Structures are given as structure tokens and as C-alpha cells.
Amino acid sequence: MKQESELQILRSAIAACRLCRDAPAKGDADRLPHEPRPVATLSSTARILIAGQAPGLRVHESGLPFNDASGDRLRQWLAVDRESFYNPDHFAIMGMGFCFPGYDKAGSDLPPRKECAPLWRQRAMDAMPQIELILTIGQYAQAWHLGAERMGSMTETVAEWRRYLLTNRSPSVLPLPHPSWRNSGWLKRNPWFEAELLPVLQQRVKSLLP
């Protein structure tokens, strides 16, 4: 199959990428301090793309996207088990940055590397024309996939989820907060997310799985 052959070439190129180590966007002072390990699941058959931010340390170590507590919560939101989640026939998974960006001085994950999306994202999207639903997790994915249609904050963007999902946009986009357990307070302050958005998300996901 031509599409799968082209995707395999792209997967190999992404796996070999060392741009953030060898040619950092901001110069040598911004060089990635560890060996890159690009993590992405590209698929010729999945109809759902999970568009995240960047791998955390546990994902960097395992090579599995969302292989952490955030992934556990995300799978609960989607109402799928690990087997389905990691089946490339079901989901493509692609962060805005493919490599763990490291920590800031406060010990929090740094933003996705600036080198990654300009080089790879559009190429990967073009290689997966069968995608029908993009789940944009966090502000960086929402900024890229929604552009000028994104609201002023992540909360405002997620609150306008009907505007993005229930239109003639192709593929459809559904913005989500990051499933980090650090966002538990956000979920308590925004009960509409679990009461209104999650049932629609789960129904849409179920309808697009094989």
C-alpha cells in the first residue's frame, strides 16, 4: 500500500531526527541536553489523532506515548483500554514535540521544542488524510490546529468545544485540557467538562473505532 510505505519512510526519518541536539533553534545554549528519542504513532488506518504536547520523562524512557498517570486519565476520558489505545489501527498519537524537552528550574516539563513542529507536523498530517477527529490536548496543539480560531486561553478554547466539533470542519477538532493530575483542580472548577463534553467525546470515539 503506497500510503503505508510512505508512512514507514516518514517514521524512520522521525526516529533518526536529532535536530534539537545538533541544530537547536536558539543556538548552542538551547541544545537538548540529552539524547533525543522521538515518540510518535503514525497510522494509515486510524481515524482519530491524539495531538498532545511533548513526551514526559517516563514516556522518553519507555518509548510509549502517554505511558504515565496522564495517559491513565486520558484513557478514562476516552473510555478505552490500553490495548485499544496503543493499537495504531485505532489511534494515531503525535505531540507537538516528539522528544522529551527536559525540565525548567522549577522541575516542570519544558514546552515542546520549537524545532519539531515546523519540520515534521504538516508532513505527518499530509501523510494521514484518513484522520476524521483530532483531539488537541493543551494550548500548543490547540494553537497549531485551530490557529486564529483558538480562544484567548485553554479554558476558553475547551469551553467552546461545540464550535469546533459540531461544524463542517474536516477533520473535526475537539480541544481538551491536559490530563495531568495537576489539572484536578481545573476539573473541579469546570464540572461541565465531565458532565457535557466527556459523553460526547466517548460517543464520537466509539463511533470512529473499527
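Up top you'll find the structure we're talking about.
None of these values were measured; they are calculated from a predicted model.

Cut-off values and rules
Residues numbered from 1 in each chain as written. Predicted model: local features only at pLDDT ≥ 70, side-chain atom pairs only at ≥ 80, totals over all residues. Heavy atoms only, no water. Helix = DSSP H or I, 4+ residues; strand = E, 2+ residues; numbered from the N terminus. Contact = heavy atoms within 4.5 Å. Axes fitted to C-alpha atoms, helices over the stretch in contact; angles between N-to-C directions. Parallel < 35°, antiparallel > 145°, perpendicular 65-115°, else oblique. Left-handed = near helix turned anticlockwise from the far one by under 90°. Nonpolar A, V, L, I, M, F, W, Y, C, P; charged D, E, K, R; others polar. Core = buried A, V, L, I, M, F, W, Y, C linked by side-chain atoms within 4.5 Å. Buried < 20%, exposed > 50% of the residue type's maximum accessible area, 1.4 Å probe, protein only. Disulfide = S-S within 2.5 Å.

Let us look at the environment of proline 65. Following the sequence through the fold, proline 65 ends up in the loop between helix H3 (57-62) and helix H4 (69-78). Once the C-alpha coordinates of proline 65 and alanine 54 are considered, the two residues, eleven residues apart in sequence, prove to be 9.1 Å apart. Excluding its chain neighbours within four sequence positions, the residues that come into contact with proline 65 are Val39, Thr41, Val59, Phe85, Tyr86 and Ile93.

Where helix H1 (residues 2-15) contacts helix H6 (residues 116-126), the axes come no closer than 11 Å and their chain directions differ by 160°. Here H1 is positioned roughly antiparallel relative to H6, judged by the angle of their axes. The way H1 lies across H6 gives a crossing that is left-handed. In this structure, H1 uses Leu10, Ala13 and Ile14 to contact H6, whose residues at the interface are Trp120, Arg123 and Ala124. Of the residues that constitute the contact of H1 with H6, the class distribution is five nonpolar, no polar and one charged.

Turning our attention to the nonpolar core. Core analysis: the biggest nonpolar cluster contains 29 residues, and Ile50, Leu78, Phe193, Leu197 and Leu201 have the highest contact counts within it. Broken down by element, the residue count for this core peaks at seven residues, all from helix H11 (residues 192-208).

Let us now look at the state of the cysteines. Throughout the structure, instances matching the rule amount to zero disulfides. No disulfide involves cysteine 99; its nearest neighbouring cysteine sulfur is the one of cysteine 20, lying 4.7 Å away.

Our next topic: unusual backbone geometry. Residues serine 170 and proline 171 are joined by a peptide bond in cis, for which omega reads 0°. Checked against the element boundaries, proline 171 lands in the loop between helix H9 (161-165) and strand S5 (172-176). Phi angles above zero are rare outside glycine, and phenylalanine 66 is one such case at about 55°. Residue class for phenylalanine 66 comes out buried when judged on its relative accessible area of 13%.

By themselves, these observations are geometric and do not establish any function.
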